[in-house]
Amino acid sequence: MNHLTFHPNKKMDMIALGRLCIDLNANEINRPMEETMTFTKYVGGSPANIAIGLARLGRKTGFIGRVADDPMGRFIVNYLEKNQIDTSNVITDQSGAVTGLAFTEIKSPTDCSILMYRDNVADLKLEPKDVSEEYIKNSKSLLISGTALAKSPSREAVFLALDYARKHEVIVFFDLDYRPYTWTSPEETAIYYNLAAEKCDVIIGTRDEFDLMECFENNVAHDDDVTAKKWFKYHAKIVVIKHGKEGSIAYTKEGERFEGTIFPAKVLKTFGAGDSYAAGFIYGLMNGWEIPRSMEYGAAAASIVISSHSSSDAMPTVEQIESYIHKCKNGEIVTA
Ligand SMILES: Nc1ncnc2c1ncn2[C@@H]1O[C@H](COP(=O)(O)OP(=O)(O)O)[C@@H](O)[C@H]1O
Ligand SMILES: O=C(O)C[C@@H](O)[C@H](O)C(=O)COP(=O)(O)O
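Scoring rules and cut-offs
- Residues numbered from 1 in each chain as written.
- Chains lettered and ligands numbered in written order.
- Predicted model: local features only at pLDDT ≥ 70, side-chain atom pairs only at ≥ 80, totals over all residues.
- Heavy atoms only, no water.
- UniProt positions renumbered as here; feature names shortened; annotations may be inferred.
- Helix = DSSP H or I, 4+ residues; strand = E, 2+ residues; numbered from the N terminus.
- Core = buried A, V, L, I, M, F, W, Y, C linked by side-chain atoms within 4.5 Å.
- Buried < 20%, exposed > 50% of the residue type's maximum accessible area, 1.4 Å probe, protein only.
- Contact = heavy atoms within 4.5 Å.
- Near = heavy atom within 4 Å.
- Polar contact = N/O pair within 3.5 Å; in protein donor to acceptor, adjacent residues only side chain to side chain.
- Areas by Shrake-Rupley, 256 points an atom, 1.4 Å probe, with all protein chains shown as cover.
- Nonpolar A, V, L, I, M, F, W, Y, C, P; charged D, E, K, R; others polar.
- Phe/Tyr/Trp six-rings, centres within 6.5 Å; stacked < 30°, edge-to-face > 60°.
- Lys NZ or Arg CZ within 6 Å of the ring centre and 35° of its normal.
- Salt bridge = Lys/Arg side-chain N within 4 Å of Asp/Glu carboxyl O.

The feature "domain: Carbohydrate kinase PfkB" (unreviewed entry), as annotated in UniProt, sits at residues 15-317 in this numbering. Secondary structure across residues 15-317 comprises 33% helix and 25% strand; the distance between its end C-alpha atoms is 19 Å.

This paragraph deals with the nonpolar core. Counting 62 residues, the largest nonpolar core has Phe 173 and Phe 281 as the members making the most contacts within it. By residue number, the principal contributor to this core is helix α9 (residues 291-306), which donates 10 residues. Leaving out residues up to four positions away in the same chain, Phe 281 has contacts with Val 202, Ile 204, Ile 238, Val 240, Ile 291, Ser 294, Met 295 and Gly 298. With 40 residues, the next largest nonpolar core counts Ile 64, Phe 159, Ala 161 and Ile 249 among its residues.

Bringing the site of ligand 2 into the picture now. Surrounding ligand 2, one finds 15 residues, the nearest of these being Arg 19, Asp 23, Gly 45, Gly 272 and Ser 311. In the model, an oxygen atom of ligand 2 is placed 3.0 Å from a nitrogen or oxygen of the Asn 49 side chain. Notes on ligand 2: free accessible area 410 Å², of which the protein chains cover 89%. For the shell around ligand 2, the elements supplying multiple residues, two or more each, are α1 (46-56), β8 (111-117) and α8 (273-286). The element contributing the most residues to the shell around ligand 2 is α8, with 3 residues. The residue inventory of the shell around ligand 2, partitioned by class, reads 4 nonpolar, 7 polar and 4 charged.

Right, let's talk about the packing of aromatic side chains for a bit. Within a pair of aromatic rings, the relevant descriptors are the distance that separates the centres and the angle that separates the planes. With the rule as written, the count across this model stands at 11 aromatic pairs. Measuring from centroid to centroid gives 5.4 Å for Phe 103 and Tyr 117, while their planes differ by 75°, and the two rings are edge-to-face. Of this pair, Phe 103 sits in strand β7 (residues 101-108) while Tyr 117 is found in strand β8, placing the two residues 14 residues apart along the sequence. With a relative accessible area of 47%, Tyr 117 lands in the partly exposed category. Aromatic pair Trp 289 and Tyr 297: ring centres 4.8 Å apart, planes at 80°, arrangement edge-to-face. For the residue pair Trp 289 and Tyr 297, the accessibility class agrees, reading buried in each case. The structure contains a cluster of three or more aromatic residues connected by ring pairs, namely Phe 174, Tyr 178, Trp 183 and Tyr 193. Lying over the aromatic face of Tyr 192, Arg 155 brings its terminal NZ or CZ to 3.6 Å of the ring centre.

This part covers the pattern of salt bridges. Counting across every chain of the model gives 24 salt bridges. In this structure, the salt-bridge partner of Arg 66 is Glu 127, at a minimum N-O distance of 3.8 Å. Remark: Glu 127 occurs in the loop between β8 and α3 (133-137) and Arg 66 occurs in strand β4 (residues 61-68); sequence separation between them is 61 residues. You can call Arg 66 buried: its relative accessible area is 8%. Relative accessible area serves as the criterion here: at 27%, Glu 127 is assigned to the partly exposed category. Its salt-bridge partner being Asp 224, residue Arg 207 comes within 2.7 Å of it at the nearest N-O pair. A residue pair is termed long-range when its members are at least 10 positions apart, and Arg 207 in helix α6 (residues 207-213) and Asp 224 in helix α7 (residues 224-231) qualify at 17 residues. For the residue pair Arg 207 and Asp 224, the accessibility class agrees, reading buried in each case.

Inspection of the secondary structure puts Gly 274 in helix α8. Separated by 60 residues in the primary sequence, Gly 274 and Val 334 place their C-alpha atoms 21 Å from one another. Excluding residues within four positions of it along the chain, Gly 274 makes contact with Asp 175 and Lys 242.

Below, the structure written as structure tokens:
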């Protein structure tokens, strides 16, 4: 069944909007931050990671965002360009804002945390005037991430991009990507997340993220079916609820429900799972695949990334995913 219709005659496959940051991932794994001495630098930020993931899979991808006018900002733009991501709509901020940093602590493969430095960050300085109607019109899809809704003017820029997408039949993916640091309160988050989600075709989030959005509702059982149904009254065609190593569940407006399993992984760290899952899943949908096959691709991409040191640089190619799935099905890769 064809759940999404991507416009066939558009130049770009996906434009991502929002956060372009730096991840500093601990080199000394299995240690708390207090004892971690060295880090490796990567491009980071959820929408950046997803765009890199989709570009690695061969899709034509672009970005709308702001970077700081500093060497970190230039590192990000160079990296996107090296990965064939169009940066014509990435603006260098001149307000003195800085690049957002995420230091990761890997205490154990299952106990990871992220320490974010996000005061006066360039990505949240994105303005409505930075969002080009023409650029969005020429893309088959738009990806927004929840963090870009955290503050003005980035918040207004997201809503303008959503209006342009609706006007020009651009499919919108919403990765909820909740990061508490930049929000004032859970209530504020819920209100803006709900307003944005009403306009999106595909909503992807963890159970915790949907719980946050439902803070004014009565879904005490945290029931995925209830969550998904709500969105089909609006614009959504597909809702995906992720459950970490328990896998994921996808719902469609037509009433289908698909359970996605996971692939084995030699887990180094858990972050990066969601972004790689989104890249693989979106790739499948854009190929016109059925939802279970798209979920399988997302889950395989996630297993590859959580078995690697980075979230962005480790994004796999089609060949890597195919080979991973093949090896798992042959029993050559098993959970560590
Ligand atoms: N420990 C794990 N082993 C294998 N796959 C995993 C593991 N954790 C997550 N995944 C995969 O990554 C997907 C997204 O992970 P999840 O943790 O739910 O998202 P997020 O990283 O956004 O919190 C899962 O649906 C699953 O396919
Ligand atoms: O999103 C960030 O700013 C940090 C990411 O780059 C980081 O790699 C990460 O946390 C990925 O998150 P996930 O894919 O949602 O697990």
